[in-house]
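Breakdown of the fold
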Amino acid sequence: AMSEQWDVGRALALSGLFRLLQGAGRACAAPFLTLYLRHLGLPAPLVGVVAGAKYLAAALWAPLCSRCPEGRRKRRLLVASSLLGSAGASLLLTLIPPAGGDAGYKYCNASQQLGDRGAAATVPGPGTSSHMSAVTNAKAVSKEMVKTTADVLIASRKPTLTSAAFQGLFGLTDMLEKKGRGIGEGDTKTNGYSDGPSGWTTSVEAVNWETREPEMPAPYRPPLHAYESGNLSDQWKDTQDVSFEAVQNIFQDREHQIFLMVLGAVVLWELLATSLEWTVDENLYEYLDFVDATDRYGKLWIWSYLGASVGACSIAVFVDQLNCFLSSTITRLAVHFYGYALLITLSLLVSVFFPIHVPKRTDHVNKTAKALALLWSDGRAILYAITVFLTGAAGSAVQNFLFWQMQDRGSSELYMGLSVAVGLLAEILLYFFKGKLLRTFSSIKIVAVSLSLLAVQLLCYSFLWTAWSVLLVQILSAFSSGALWWVVNMTVDDIATPGMERSLHAVLQSLCYGGGASLGSFAGGFVVKHFGLAVLYRAWCVCLVLWLFLILIVQSKLPRQKKINYSRLLAADSSDMSDSDEENERDWLVKAMKDESFN
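Here the structure is a predicted model, which is why all the values come from computation and not from measurement.

The rules we used
Residues numbered from 1 in each chain as written. Predicted model: local features only at pLDDT ≥ 70, side-chain atom pairs only at ≥ 80, totals over all residues. Heavy atoms only, no water. Helix = DSSP H or I, 4+ residues; strand = E, 2+ residues; numbered from the N terminus. Buried < 20%, exposed > 50% of the residue type's maximum accessible area, 1.4 Å probe, protein only. Areas by Shrake-Rupley, 256 points an atom, 1.4 Å probe, with all protein chains shown as cover. Salt bridge = Lys/Arg side-chain N within 4 Å of Asp/Glu carboxyl O. Patch = residues over 30% accessible without salt bridge, like charges linked within 9 Å, V, L, I, M, F, W, Y side chains within 5 Å. Phe/Tyr/Trp six-rings, centres within 6.5 Å; stacked < 30°, edge-to-face > 60°. Axes fitted to C-alpha atoms, helices over the stretch in contact; angles between N-to-C directions. Parallel < 35°, antiparallel > 145°, perpendicular 65-115°, else oblique. Left-handed = near helix turned anticlockwise from the far one by under 90°. Contact = heavy atoms within 4.5 Å. Nonpolar A, V, L, I, M, F, W, Y, C, P; charged D, E, K, R; others polar. pLDDT = per-residue confidence, 0-100. Polar contact = N/O pair within 3.5 Å; in protein donor to acceptor, adjacent residues only side chain to side chain. Core = buried A, V, L, I, M, F, W, Y, C linked by side-chain atoms within 4.5 Å. Expected span 1.5 Å × (residues − 1).

Looking at the overall build of the protein
If you tally the helices and strands in the protein, you get 23 helices and 2 strands. Each of the 599 residues in the protein was classed as buried or not, and the buried ones make up 47%. Counting every atom, the protein has about 30,300 Å² of accessible surface; 64% of that belongs to carbon and sulfur.

Now the structure itself:
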């Protein structure tokens, strides 16, 4: 017979290597996705929709992925196709052209100039000269057209353009500059958060922005009767309205087309990546369950975190060495997706050697519905489910827009990669003190500390002064994310019936990301556009503090009852039952010694 111990060791080693590569690949691309969308010229609301759809797709698809197909060959085929498909879907994003002409160069060049603290302007790379000259020529032609049109109007004493038409005309001249603005696009009064350095702000001197009317020299202002010139005036107005509407629609459709292409590629990418991760994970757990070694499954996440830390920093260092553009339309951020595709392809080689065990399916119970019923039956589980929902929504603001904020503070990609690594490594380090912390502090105290520190993180981000300060704030993620999930998982394990632990954990993950993070992303983009990123951070900070007080009050009112862990109770080995006589004898001896000492 084959050595089970050797099989388990090999399976765990292969799984650890696979998770290392997967974590590194994910960290190469996923944290930088919204930054890439900004360089494509998508505004904050559309970026929020894409991020929310990504979270929602993963949460809805995960329960379906837990039902692996029967047969070893089918499972290997599913893993291989998911691997190659996710790599291909990520590369699709690099083929999407930007919505704005100079969006990518503006943000790249702006961050470099700020990072150099006022040094000389960055010289474009070889791949950017033709692109920038085209943009410059387009702006020159547009402004010359406006000037010529205004001269013709003045010379012919035609009616002055209406306020709306005039704004539309001048909007064309700077459309390339404004296109690609991220947060607070076109609204500098209520923004509270700028897309870039103040030097990028465009202005039109010929317009009085308080009255929104064009300023012309007094002798050339048309007489009042010109507005009453009948058909001629109406025809001119109709022509202008139609032409400006047509041009405006072209630009809007362009942005929407880019948005739809990005949305489709991101959702496809997430579905394939989720299918891959769940299939591999479920297969490994079934194999370890078959050889009675599921206790060794719980620490494999450390390999994913280590891979993600290395991947995020490595790709950031590499991208920082590149020019802003790899070609006329592809920014250097596309390298993030190239790195993801490379690492995913390498993990395909590892997956070939996975041991596969296909268990016999005896029931087809809807475990998701059963898990929801178990959560609903316990008051503390309900509180913690709401907690992970809110923390997921609040965390989405950081995951979606923190790199935007860092970029506008002149951050290099190295600081962004380090911010990812610091948070993950802090969780790993705190994990080694997990047992001691859970024995020393009650569950509600750990939850209270976690919520408080997450609120502090958000408050600090709203007052972010320099890029490197993010690294200090990210250390708090060890408690705000890691310790919180310890308590949540421990609580649901206590109410779990046999075989329901993983289903309960999956439901909570779906509530956090599919529910909280997706809704937070959908709403967060619009809040950022109209009120600013600082307002979004502070609003979530206030919500978490209010929920902290509420959960403390409700927790004190819940009845104190000892929950029985059914899984641990029924997991007793038969060998333990065979030793019952010896245990009874030992118990009798202990009792007799206690009685003797008492007498």
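Let us keep going from here.
Re the pattern of salt bridges
One pass over the full model with this rule turns up 8 salt bridges. Between Asp-281 and Arg-502 there is a salt bridge whose closest N-O contact spans 3.4 Å. Here Asp-281 is found in helix H9 (residues 231–290), whereas its partner Arg-502 is found in helix H19 (residues 501–530), with 221 residues between them in sequence. We classify Asp-281 as buried; its relative accessible area is 15%. The partly exposed category is assigned to Arg-502, whose relative accessible area is 22%.

Focus on a nonpolar patch on the surface
A cluster of nonpolar side chains, Tyr-415, Trp-465, Trp-468, Leu-472 and Ile-475, forms an exposed patch at the surface whose accessible area comes to about 550 Å². Among the structural elements, Ile-475 can be located in the loop between helix H17 (469–474) and helix H18 (477–495).

Details of the packing of aromatic side chains
Considering all chains together, one arrives at 11 aromatic pairs under this definition. A ring pair is formed by Trp-301 and Tyr-305, whose centres lie 5.0 Å apart and whose planes are at 75°; its orientation type is edge-to-face. Taken as a pair, Trp-301 and Tyr-305 lie in helix H10 (residues 301–320) at a separation of 4 residues, close to a single helical turn. Pairing Phe-401 with Trp-404 gives two aromatic rings, centres 5.2 Å apart and planes at 85°, and the pair type is edge-to-face. Highlighted residues: Phe-401 and Trp-404, both in helix H13 (residues 379–408), separated by 3 residues, approximately one helical turn. For Phe-401, a relative accessible area of 1% translates into the label buried. Residue classification places Trp-404 among the buried residues on the basis of a relative accessible area of 0%. Pairwise contacts between aromatic rings join Tyr-36, Trp-269, Phe-337 and Tyr-340 into one cluster.

So, the packing of helix H14 (residues 413–431) against H18
For any two helices packed against each other, the geometry is given by the interaxial angle and the distance between the axes. The geometry of H14 relative to H18 is characterised by a closest axis approach of 8 Å and an angle of 50° between their N-to-C directions. Relative to H18, the element H14 is oriented oblique. In this structure, the crossing between H14 and H18 has a hand that is right-handed. Of the residues in H18, those touching H14 at Gly-423, Ala-426, Glu-427, Leu-430 and Tyr-431 are Ser-477, Ala-478, Phe-479, Ser-481, Gly-482, Ala-483 and Trp-486. Split by residue class, the contact of H14 with H18 holds 7 nonpolar, 4 polar and 1 charged.

A few points about the confidence of the model for the protein
Of the residues in the protein, 64% have a pLDDT of 70 or more, and the chain-wide mean is 75. Contacts of residues 1–6 to residues separated by more than four positions or lying in other chains number 3 contacts, the stretch itself having pLDDT below 50. Low pLDDT (under 50) marks residues 572–582, which in the prediction has 1 contact with non-local residues, meaning those over four places away or in another chain.

Description of the environment of Thr-94
Within the secondary structure layout, Thr-94 lies in helix H4 (residues 72–94). Exposure remark for Thr-94: the relative accessible area of 5% places this residue in the buried category. In the structure, Thr-94 is positioned 238 residues away from Arg-332 in sequence and 9.9 Å away in space, judged by C-alpha atoms. Ignoring any residue separated from it by four or fewer positions in sequence, one finds Thr-94 in contact with Tyr-36, Ile-330, Ala-334, Phe-337 and Tyr-338. Polar contacts involving the side chain of Thr-94 include one to the main-chain carbonyl oxygen of Leu-91, which spans 2.6 Å.

Notes on the nonpolar core
Residues Leu-37, Leu-93 and Val-262 are the most contacted members of the largest nonpolar core, which totals 112 residues. Sort the elements by how many residues they give to this core and H13 lands first, with 15 residues. Core analysis: the next-biggest nonpolar cluster, separate from the first, contains 10 residues, Tyr-287, Val-291, Tyr-297 and Leu-300 among them.

Structural notes on helix H16 (residues 443–462)
Look at H16: 29 Å from first C-alpha to last across 20 residues, which is about the 28 Å you get at 1.5 Å a residue. Taken together, the buried positions of H16 are Ile-444, Ile-446, Val-447, Ala-448, Ser-450, Leu-451, Leu-454, Ala-455, Gln-457, Leu-458, Tyr-461 and Ser-462. Structurally, H16 contributes buried residues whose contacts are with H13, helix H15 (434–440), H17, H18 and helix H20 (533–557).

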